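Structural description and commentary
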Amino acid sequence: MRYETPSLTRWNARAYDSSFGYVSAQGVPLVELLDPQPGERVLDLGCGTGVLTAEIAKRGASVLGIDGSTAMIETAIAQYPGLDFTIGYGDDFTVAQPYDAVFSNAALHWMSRDPDAVISCVRMALRPGGRFVAELGGAGNCATLTSAMRTAWREHGLREPELPWYFPTPAEYALRLEKGGFTVRILEYVDRPTPLDECPGGAADWVRMFAGSLLDGVPPALVEPLLRRVNELAAPALRRESGWVADYVRLRFAAVRR
Ligand code: BEZ
């Protein structure tokens, strides 16, 4: 299966943009790390609705956004008609001309089927010396959220959900990069508690948005009680007076193609 998981095919790209705009907003510092230069060729891997693709283009780079979700690409094209977007899969894409940089924000963890194939495709897309600058969920990402899901599923007599994400440790991902032909220059592993500002329904909204496919196998009458239980289990750690906060952990790196 492609990294376009069942949940991704269900994504409502516009809802993603408005309710979960923090995904893109928090990516701006990653664009600073990329430091795109006028005239550079940049590929934005897993570009979603194209917000950061546009940010990179603003700096004068020539940028192509690719994503495995048709809905995301359609929205990106509608929002940024002057930019180039295409459907493509992280573990199975090729390019006609090499790029100076590949950028990826909050997307690599969805490409869970074969992370080495993703790294190999990125390497092939870069010129020697080209940079790979990305951020993904690291080990422990969303641990409270996913633990609440597992427990709630079990308590309702359901088989534990198979989560579709890849959250590597820094050591594991650095090794993959080095073995895949990259030299790692920067690697950071940080907690990033992330307010779910537009999530009045708390963890339940997060599950519906990002793990909606896992609800497909749940008998309809169980969905609401299940999600209520996810909220109860996650609330002590994630609900603050100001609102819900997701327990995100980020792995951010800059590597250079040897
Ligand atoms: C993340 O950005 O860390 C993330 C988003 C959705 C599902 C899982 C992780």
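Before reading on, note that the structure itself is shown above.
Reference entry: report on the structure contained in this document. (Residues numbered from 1 in each chain as written. Predicted model: local features only at pLDDT ≥ 70, side-chain atom pairs only at ≥ 80, totals over all residues. Heavy atoms only, no water.)

The element strand β1 (residues 41-45) is extensively covered by neighbouring structure, given that 4 of its 5 residues are classed as buried. With 5 bridges joining them, β1 and strand β2 (residues 62-67) adopt parallel strand pairing. Each bridged residue has a counterpart across the sheet, and for R41 the counterpart in β2 is S62. Chirality of the crossover, the property in question, places the unit of β1, helix α5 (residues 51-58) and β2 among those that are right-handed. With 3 bridges connecting them, β1 and strand β4 (residues 99-105) associate as parallel partners. (Buried < 20%, exposed > 50% of the residue type's maximum accessible area, 1.4 Å probe, protein only. Helix = DSSP H or I, 4+ residues; strand = E, 2+ residues; numbered from the N terminus. Pairing = 2+ DSSP bridges. Right-handed = clockwise from strand over helix to strand, strands pointing away.)

The topology assignment puts R192 in strand β6 (residues 182-195). Assessed through its relative accessible area of 17%, R192 is described here as buried. Looking at R192, its side chain comes within polar contact range of the side chain of E135, at 3.0 Å. When neighbours within four sequence positions are excluded, R192 is seen to be in contact with Q26, E135, A246, Y248, V249, R250 and R252. (Polar contact = N/O pair within 3.5 Å; in protein donor to acceptor, adjacent residues only side chain to side chain. Contact = heavy atoms within 4.5 Å.)

Before going further, it helps to spend a moment on the nonpolar core. The biggest cluster of nonpolar side chains holds 31 residues, and the ones touching the most others in it are M149, W153, W206, V207 and V230. If you list the elements that add at least two residues to this core, you get α8 (143-155), α10 (203-210), α11 (220-238) and β8 (243-257). The leading source of residues in this core is α11, at 7 residues. Judged by nonpolar contacts, the second largest core, of 26 residues, contains I66, L108, A125 and F132. (Core = buried A, V, L, I, M, F, W, Y, C linked by side-chain atoms within 4.5 Å.)

For the rest of this paragraph, the subject is α10. Burial analysis of α10 places 6 of its 8 residues in the buried class, the great majority of the element. If you check which residues of α10 are buried, you get A203, A204, W206, V207, M209 and F210.

Contact pair α8 / α10: the axes reach a minimum separation of 11 Å and the direction vectors enclose 90°. Between α8 and α10, the angle falls in the class roughly perpendicular. Touching L145, M149 and W153 of α8 are A203, W206 and V207, all from α10. Taken together, the residues that form the contact of α8 with α10 break down as 6 nonpolar, no polar and no charged. (Axes fitted to C-alpha atoms, helices over the stretch in contact; angles between N-to-C directions. Parallel < 35°, antiparallel > 145°, perpendicular 65-115°, else oblique. Nonpolar A, V, L, I, M, F, W, Y, C, P; charged D, E, K, R; others polar.)

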